[in-house]
Amino acid sequence: MHDHTNTWGISTEAFLGWYVAAATGAVVIALVIRGVAMRKPTPALRTLTPPEMGVLTSDERAVRAAVAELESAAYSAGQGQHDRFTRIVRQRIDDAGGTAVPSRLVPTLPLPLLELRSDLVQAGYLNGNREHTLTRLSVVPVVIVAVVGTIRTGFTVVNESPEGYLPLVVVCLALIVVTLLRLSRRTRFGQVELSRLKDEYSYLTPNFQPSFATYGATSAGIAAALFGPGRDGGWAPGCGGGSSPSSCSTFSSTVSCGG
C-alpha cells in the first residue's frame, strides 16, 4: 500500500529536518555574499558640489540643486563659475525656453546624471552595478531552496498529506529574499556623509528661512540638494533667497554660468 506521507520517498520528518538545514545554509551563504558586496575600503573624503550632494538622495534632487544655484545666481553678483553638471542644466533650461522645472528636466539629462552617479559610485558614496549584481546573486541559493519547498508543498497538498510547518518556512524564505534584495542608493559611507552634511548645513533648512542673497548661490544649491522644498512644497531657495516661500519656475535671462 502506498504511503502518502512519504512524498518523493522521504518521510515528512526527515524532509523537514534536511530542509531547515538547507534553508539555514542558503541564508548564511546569501549573507556572506551580500557582506562581500558591501565591503569596501574606506573612501577618501572629498568636497561635493551641490548636484553631487543632491544625487545622494535622488536624480531630481541633483537637478533641483543645480536649478536653485542658477536661479539664485541671477540675483547675486560675483558667484564664480558653476560645476559642469550645473552648466549642462543651464543649457537644457535654455533649450526648454527658460522653464526650470526639475521634474521635467530630469528626463532630458540621462547621460549627465549617469556620469554624476558614476563619479560617486567610484568615490564610494553610492552603490553601483557591482553591488546590485552581487545582491541579486546572493539570493539565488535561498530562491532555489524556497522553490524546492514550494514544489514539495504542492505535491503534499495533492497527496492530502500536509507537511507541518514547511509552508511557514517557505514563506519566511520568501520574506528573506525580498529583504535581501533591498539595496540602499547610498553606501554606508555615503549615508554617514549625507548625515554629516545635513548637520553641517543645518542653518540652510527651510525652517530657518535663510537669505541666499547673503549666503550666495552655492548655498542655495546646497540647501536644495540636502533639504529639498520646504514643508509647504513650495520653498524654492534659488528664487532670490528671500525670507518668504516662492515657487518660481521661469528662468532669468541674466544668469551667467561661467566658463
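Keep in mind the model is a prediction, meaning the values are calculated, not measured.

What counts and what doesn't
Residues numbered from 1 in each chain as written. Predicted model: local features only at pLDDT ≥ 70, side-chain atom pairs only at ≥ 80, totals over all residues. Heavy atoms only, no water. 1 Å grid on protein atoms, 1.4 Å probe; cavity = no way out; pocket = protein on both sides within 12 Å on 5 of 7 lines; lining within 4 Å. Points joined across faces, edges and corners; volume = space filled by probe spheres on them. Nonpolar A, V, L, I, M, F, W, Y, C, P; charged D, E, K, R; others polar. Patch = residues over 30% accessible without salt bridge, like charges linked within 9 Å, V, L, I, M, F, W, Y side chains within 5 Å. Areas by Shrake-Rupley, 256 points an atom, 1.4 Å probe, with all protein chains shown as cover. Salt bridge = Lys/Arg side-chain N within 4 Å of Asp/Glu carboxyl O. Helix = DSSP H or I, 4+ residues; strand = E, 2+ residues; numbered from the N terminus. Expected span 1.5 Å × (residues − 1). Buried < 20%, exposed > 50% of the residue type's maximum accessible area, 1.4 Å probe, protein only. Arc of directions from axis to C-beta. Phe/Tyr/Trp six-rings, centres within 6.5 Å; stacked < 30°, edge-to-face > 60°. Contact = heavy atoms within 4.5 Å. Core = buried A, V, L, I, M, F, W, Y, C linked by side-chain atoms within 4.5 Å. Axes fitted to C-alpha atoms, helices over the stretch in contact; angles between N-to-C directions. Parallel < 35°, antiparallel > 145°, perpendicular 65-115°, else oblique. Left-handed = near helix turned anticlockwise from the far one by under 90°.

Turning to the layout of surface pockets, a few remarks are in order. Approximately 320 Å³ is the volume attributed to the largest pocket. Lining the largest pocket, in full, are Met38, Lys40, Pro41, Thr42, Pro43, Gly124, Asn127, Arg186, Thr187, Arg188 and Phe189. Per-class residue counts for the lining of the largest pocket are four nonpolar, four polar and three charged.

Moving on, we come to a nonpolar patch on the surface. On the surface, Leu137, Val140, Ile144 and Val148 cluster together into a nonpolar patch covering about 320 Å² of accessible area. It is helix H8 (residues 140-158) that provides the largest number of residues to the nonpolar patch, a total of three residues. Summarising the element assignment, Ile144 is placed in helix H8.

With 16 residues, helix H9 (residues 166-181) extends 23 Å from end C-alpha to end C-alpha; this agrees with the ideal 22 Å at 1.5 Å per step. All of the buried residues along H9 are Leu166, Val169, Val170, Leu173, Val177 and Leu180. Viewed along the axis of H9, the buried residues span an arc of 100°, placing them on a single side of the element. Turned more than 90 degrees off the buried face of H9, the exposed positions are Leu168 and Leu175.

So, on to the pattern of salt bridges. Taken as a whole and judged by the stated rule, the model has nine salt bridges. Among the salt bridges present, the one from Glu52 reaches Arg46, with a minimum N-O distance of 2.6 Å. Of the residues examined, Glu52 reaches a relative accessible area of 6% and is grouped as buried. Residue Arg46 is classed as partly exposed on the basis of its relative accessible area of 32%. Asp59 is the partner of Arg185 in a salt bridge, and the nearest nitrogen-oxygen pair spans 2.8 Å. Within this pair, whereas Arg185 is found in the loop between H9 and helix H10 (188-200), its partner Asp59 is found in helix H3 (residues 59-73), the two being separated by 126 residues in sequence. With relative accessibility at 30%, the residue Arg185 sits in the partly exposed group.

Across all of its chains, the model carries four aromatic pairs by this definition. Their ring planes at 65° and their centres at 4.9 Å tell us that Tyr125 and Phe189 sit as a pair that is edge-to-face. One end of the pair, Tyr125, is in the loop between helix H6 (110-123) and helix H7 (129-138); the other, Phe189, is in helix H10, and 64 residues separate them in sequence. Relative accessible area serves as the criterion here: at 0%, Tyr125 is assigned to the buried category. Taking 5.3 Å as the distance between ring centres and 55° as the angle between the ring planes, the aromatic pair formed by Tyr203 and Tyr215 counts as tilted.

This part is about the environment of Ala66. Inspection of the secondary structure assignment puts Ala66 in helix H3. The spacing of Ala66 and Ala220 is 154 residues in sequence and 9.1 Å in space, taken between C-alpha atoms. Contacts of Ala66, omitting those with residues within four sequence positions, involve Pro51, Phe85, Thr86 and Val89.

With 34 residues, the main nonpolar core has Met53, Leu56, Phe85, Val89, Leu109 and Leu226 as its most contacted residues. Listing elements by their share of this core, those giving two or more residues are helix H2 (50-55), H3, helix H4 (84-95), H6, H10 and helix H12 (217-227). Those residues within four positions of Leu109 in sequence are excluded, and the remaining contacts are Val63, Phe85, Ile88, Val89 and Arg92. Within the second largest apolar cluster, 17 residues are counted, among which are Tyr19, Ala23, Ala146 and Leu166.

Once that is clear, we can look at unusual backbone geometry. You will see that Gln209, though not glycine, has its phi angle at about 45°, which is positive. Inspection of the secondary structure puts Gln209 in the loop between H10 and helix H11 (212-215).

The complete set of buried residues in H7 reads Glu131, Thr135 and Ser138. Seen from one end, H7 has its buried residues packed into an arc of 65°, which puts them on one side.

In the contact formed by H3 and H12, the axes pass within 7 Å of each other and the chain directions differ by 155°. On the basis of the axis angle, H3 is roughly antiparallel to H12. Taken as a pair, H3 and H12 cross one another with a handedness that is right-handed. Contacts between H3 and H12 involve Arg61, Arg64, Ala65, Ala68, Glu69, Ser72 and Ala73 from the former and Ala217, Thr218, Ala220, Gly221, Ala224, Ala225, Leu226 and Phe227 from the latter. Considering only residue class, the contact of H3 with H12 consists of nine nonpolar, three polar and three charged.

Read these as geometric descriptors, not functional statements.
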